[in-house]
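Each chain, letter by letter, is given below.
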Amino acid sequence: MIRTFSYVALSGTLLFSATAAATDDTTQQYINTLTELGYPAPKANELVHIPPTMEDLENASLHPELKRVIRRGYDLFTNTQQLRGENVFNNMNCSSCHMGEGRMPFSAPVWPAAVTLPNYRGKNDHVNNLEERIAGCFTYSMNGKPPEYGSDNMLALSAYHQWLAKGVAMYPEKPIYGRGFPAPDRPAKLSYARGEAAFEENCSVCHGNDGEGLRVGNHTVFPAIWGDMSNNWGAGIVRVFTAAGFIKNNMPLGQPNSLSDQEAWDIAYYMSNQERPQDPRYTGDVKDTLEKTQERFHKHSMYGQARETDGHVLGDHNNTGEKPFLKPDSVRPRTFE
Ligand code: HEC
Ligand code: HEC
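Because the structure is predicted, anything quoted here is derived from the model rather than measured. (Residues numbered from 1 in each chain as written. Chains lettered and ligands numbered in written order. Predicted model: local features only at pLDDT ≥ 70, side-chain atom pairs only at ≥ 80, totals over all residues.)

*Asks:* I keep staring at helix α3 (residues 64-78) and nothing clicks. Help me out?
*Replies:* Residue pairs three or four apart in sequence face the same way in an α-helix, which turns once every 3.6 residues. Look at α3: 21 Å from first C-alpha to last across 15 residues, which is about the 21 Å you get at 1.5 Å a residue. Along α3, the residues that are buried comprise Val69, Ile70, Gly73, Tyr74, Leu76 and Phe77. When α3 is viewed along its axis, its buried side chains cluster within an angular range of 165° and face the same direction. Exposed and oriented more than 90 degrees from the buried face of α3 are Pro64, Glu65 and Arg68. Contact partners of the buried residues in α3: α2 (54-59), α4 (99-102) and α7 (152-164). (Helix = DSSP H or I, 4+ residues; strand = E, 2+ residues; numbered from the N terminus. Expected span 1.5 Å × (residues − 1). Buried ≥ 20, exposed ≤ 12 C-beta atoms within 10 Å, placed from the backbone. Arc of directions from axis to C-beta. Contact = placed C-beta atoms within 7 Å.)

So, in C-alpha cells, the structure goes:
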C-alpha cells in the first residue's frame with residue numbers, strides 16, 4: 001500500500017495528514033516535520049498519534065449518517081461563531097486556541113479527551129465525561145453556555161473529537177506526545193514592560209494594540225486575546241504558564257517556537273495583566289471568589305491580584321462581556337450520591 005504524508009499551510013497553521021493508518025515511517029515523517037518547526041521530539045515512552053483528517057473521513061468505511069454528524073462537529077469546531085448569542089458570547093472559535101482544527105500537537109489537540117475521559121478533573125472536583133469537558137471550554141473559553149448534554153450539537157462535537165482519536169486505545173498508559181500547551185521553564189523574572197514591548201513588536205499587527213483582534217461581519221479574522229470579546233477569567237489560558245505555552249508553541253501565527261522562552265513568558269505575563277469578562281464562579285466579590293477558587297484554579301493566574309503598573313485589582317468588576325448572565329447551569333456541583 002502506498003502511504004502518503006502531506007501537510008498544507010492553512011492560515012499559517014500546519015495541517016498534517018496521514019492518508020493511511022500511521023506506520024513507523026509516516027510517524028517518523030510526522031515527527032521530523034514537527035522537530036523542523038522547533039518542537040521537541042517525543043520521549044521514548046510517549047504515545048504519538050496522527051489524528052485523521054476530514055479527507056480521511058470521506059474515505060473511511062463508516063455509516064454515511066455518522067460521517068454527516070462528524071462533518072457537522074467539524075463545522076461547529078472550526079466555525080463556532082454560528083452559535084453566537086446562544087452558546088458563544090465572544091469572538092472565539094474552538095479552533096482559535098486548538099489550532100490545526102484541533103489536531104495540532106502542542107496546541108492542545110482535543111482527541112486526548114476522547115480516550116482519557118471519563119476521569120476525575122481537579123478543576124471541578126468530580127468525574128467528567130467528554131461532553132462535560134467540551135462544556136467547560138464553552139463556559140470559560142467561549143464565555144458562553146454549553147449546548148445541552150445529549151443535544152445534536154453536543155453529539156456532533158463529541159463525534160468529531162472521537163473521530164480524531166481513531167485507533168487509540170482507551171485509557172492509554174503512556175503519556176501523550178504534544179498534549180496541552182506545554183510551557184517552557186519559567187524564567188527567574190517576568191517583566192510587564194518587556195512583555196508590552198514584545199507584544200507591540202510581534203502581536204499587535206494582528207491582535208490590535210488593545211488585544212481586541214479583528215472581526216469582519218460575523219467572521220473572526222483574529223481573535224481577541226483580552227477584553228470583552230475574549231475568554232473569561234475562568235478559562236485555562238488565563239494561567240500564565242498556559243498562556244506562555246500557547247504563545248511559545250503557536251504564535252506569532254505561522255512562526256511557532258520563534259520567540260525566546262523569556263519573550264513568551266513576558267508577553268504571557270503582560271497579557272495576563274489585562275481585563276476580561278468575569279469568572280462564572282464569581283460570588284459577587286473578587287477576594288471571596290479568589291479564596292474559593294485559588295487552590296483549584298487561580299494559583300497560576302493574575303485574578304484578584306493588583307496590577308503592578310497601576311494597582312488595578314484584576315477581576316474586580318461585574319462585567320460579563322456580551323453574555324447577559326454570569327453563571328451557566330453547567331457550573332454546578334455533582335456528587336453521585
Ligand atoms: C481561549 C482558548 C480556548 C478556546 C477558544 C477553546 N479551548 Fe479547549 N482548551 C483550552 C485550554 C487552555 C485547555 C487545557 C489545555 C491543558 O490541558 O493545558 C483546553 C482543553 C480542551 C480539551 C481537553 C484536551 C485534553 O488534552 O484532554 C477539549 C476536549 C477542549 N478543550 C475542547 C474545546 C472545544 C470543543 C472548544 C470550543 C467549544 C474549545 N475547546 C475552545 C483553551 C481553549
Ligand atoms: C499574523 C497574525 C497573527 C500574529 C502576528 C499573532 N497572532 Fe495570535 N492568533 C492569530 C490567529 C489567526 C489566531 C487564531 C487561530 C486560528 O484561527 O487559526 C490566533 C490566536 C491567538 C491566541 C488564542 C486565542 C485568543 O484570542 O486568546 C492567543 C492567546 C494569541 N493568538 C496570542 C498571540 C500573541 C501573544 C502573539 C505575538 C507573540 C500573536 N498572537 C501573534 C493571528 C496572529
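Structure's up, so let's keep going.
*Asks:* I would appreciate a short explanation of the site of ligand 1 in the present structure.
*Replies:* As a matter of local geometry, ligand 1 sits amid 28 residues, with Cys94, Cys97, Cys137, Ser141 and Gly236 nearest to it. Elements with a contribution of two residues or more to the shell around ligand 1: α5 (111-116), α6 (130-141) and α7. Of all the elements, α6 adds the most residues to the shell around ligand 1, at five residues. Classifying every residue of the shell around ligand 1 by side-chain character gives 16 nonpolar, ten polar and two charged. Each of two domains, domain 1 (5-164) and domain 2 (192-300), supplies a minimum of three residues to the shell around ligand 1. (Near = placed C-beta within 6 Å. Nonpolar A, V, L, I, M, F, W, Y, C, P; charged D, E, K, R; others polar. Domains from an automatic or database assignment.)

*Asks:* When you look at unusual backbone geometry in this model, what are you seeing that I'm missing?
*Replies:* Across residues other than glycine, the phi torsion is negative in most instances, and most of the peptide bonds are trans. For the peptide bond that leads from leucine 117 to proline 118, omega is 0°, which places it in the cis range. Turning to its location among the elements, proline 118 is positioned in the loop between α5 and β3 (119-121). With an omega of -10°, the peptide bond running from methionine 251 to proline 252 counts as cis. Counting through the fold element by element, proline 252 comes out in the loop between α10 (240-250) and α11 (261-272). Phi at alanine 108 takes a positive value of approximately 40°, unusual for a residue other than glycine. Positive phi, close to 40°, is recorded for asparagine 143, a residue that is not glycine. Relative to the helices and strands, asparagine 143 resides in the loop between α6 and α7.

*Asks:* When you look at the packing of α6 against α7 in this model, what are you seeing that I'm missing?
*Replies:* In a packed pair of helices, the relevant descriptors are the angle between the two axes and the axis-to-axis distance. One way to put it is that α6 packs onto α7 with a least axis distance of 10 Å and a crossing angle of 105°. The pairing of α6 with α7 is recorded here as roughly perpendicular in orientation. On the side of α6, the interface is formed by Leu130, Glu131 and Ile134, while α7 contributes Met154, Leu157, Ser158 and His161. Taken together, the residues of the contact of α6 with α7 sort by class into four nonpolar, two polar and one charged. (Axes fitted to C-alpha atoms, helices over the stretch in contact; angles between N-to-C directions. Parallel < 35°, antiparallel > 145°, perpendicular 65-115°, else oblique.)

*Asks:* Looking at this structure, I do not really get the confidence of the model for the chain. What am I missing?
*Replies:* The predicted coordinates should not be examined in detail at positions where pLDDT is low. Summarising the model, the chain shows a mean pLDDT of 93, and 93% of its residues fall at 70 or more. Counting contacts from residues 1-13, a segment whose pLDDT is below 50, to residues more than four positions away or on other chains yields 25 contacts. (pLDDT = per-residue confidence, 0-100.)

*Asks:* Where do I start with the nonpolar core in this structure?
*Replies:* Across soluble globular proteins, you tend to see nonpolar side chains buried next to one another. Core analysis: the biggest nonpolar cluster contains 67 residues, and Tyr160, Ala243, Ala244, Ile247, Ile267 and Ala268 have the highest contact counts within it. Listed by contribution, the elements that provide at least two residues to this core are α3, α5, α6, α7, α8 (192-202), α10, α11 and α12 (286-293). When sequence neighbours within four positions are dropped, the list of residues in contact with tyrosine 160 reads Ile70, Gly73, Tyr74 and Phe77. (Core = buried A, V, L, I, M, F, W, Y, C linked by C-beta atoms within 7 Å.)

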